[in-house]
Amino acid sequence: MKKKIAALVMAAFSAAGILAASPASAATESPFPPYGCDSNRYGILFGEGISMTCFSLPRHSETYRVVAHCASGSSFWYTVGHWVPTGFGPSTAECHGGLLANAYVSGYHVDAF
C-alpha cells in the first residue's frame, strides 16, 4: 500500500511539473536568431549555453550582448552575456543548473547599445 501511495504522489509531482513548464515554453521567442546574427546552443555540465555573433543589427548599434532565458523545473531567470563590438567575437550566456535539476535555454534575445 505504501508503494502505491508513493507512486501516486510521484505521479502528481510529475504532472504538476509538466503543467507548470508548459506556459513558459509557449512564451518563448522565435527559435531563429535576429537578422544579421548567428546563434549556437551548446551543452555544459548540468546546463546549456548560447553563443551569438552579430555582424549587423536592425538598429545601428556599436555593441550587443545575448540574454538567455533560463529554466529549471519551476524556476525561471535571465543570464546576460558580455558586451561585444558588432562584427567581432561571440557573446555567450550560460544557464547553470544543479545536480538534480538541469537548466536549459528556453529562449533568448539580443540587447543592443
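Structure report, in brief. (Residues numbered from 1 in each chain as written. Predicted model: local features only at pLDDT ≥ 70, side-chain atom pairs only at ≥ 80, totals over all residues. Heavy atoms only, no water.)

**Considering the overall build of the protein chain**
Part 1 of the reasoning: Looking only at helices and strands, the protein chain features one helix and seven strands.
Part 2 of the reasoning: Starting at the N terminus and ending at the C terminus, the protein chain contains elements arranged as α-β-β-β-β-β-β-β.
Part 3 of the reasoning: The buried share of the protein chain, taken over its 113 residues, is 27%.
Part 4 of the reasoning: Excluding contacts between residues fewer than 6 apart, the proportion of contacts in the protein chain whose partners are at least 24 apart in sequence is 57%.
Part 5 of the reasoning: Surface summary for the protein chain: the accessible area is close to 7,500 Å², and the carbon and sulfur share equals 66%. (Helix = DSSP H or I, 4+ residues; strand = E, 2+ residues; numbered from the N terminus. Buried < 20%, exposed > 50% of the residue type's maximum accessible area, 1.4 Å probe, protein only. Contact = heavy atoms within 4.5 Å. Areas by Shrake-Rupley, 256 points an atom, 1.4 Å probe, with all protein chains shown as cover.)

**Let's talk about the pattern of salt bridges**
Part 1 of the reasoning: The final tally for this structure, using the stated rule, is one salt bridge.
Part 2 of the reasoning: A salt bridge links arginine 65 to aspartate 111, with the nearest nitrogen and oxygen atoms 3.4 Å apart. Note that arginine 65 is positioned in strand S3 (residues 63-72) and aspartate 111 in strand S7 (residues 104-112), a separation of 46 residues in sequence. (Salt bridge = Lys/Arg side-chain N within 4 Å of Asp/Glu carboxyl O.)

**Things to note about the nonpolar core**
Part 1 of the reasoning: One finds Ile50, Met52, Cys54, Val66, Ala68 and Cys95 to be the most contacted residues of the largest nonpolar core, which totals 15 residues.
Part 2 of the reasoning: For this core, the secondary-structure elements that each account for two or more residues are strand S2 (47-54), S3, strand S6 (91-96) and S7.
Part 3 of the reasoning: In terms of residue count, the dominant contributor to this core is S3 (four residues).
Part 4 of the reasoning: Each residue touching cysteine 95, except ones within four places of it in the same chain, is listed here: Ile44, Phe46, Gly47, Glu48, Ala68, Cys70, Ala103, Tyr104 and Val105. (Core = buried A, V, L, I, M, F, W, Y, C linked by side-chain atoms within 4.5 Å.)

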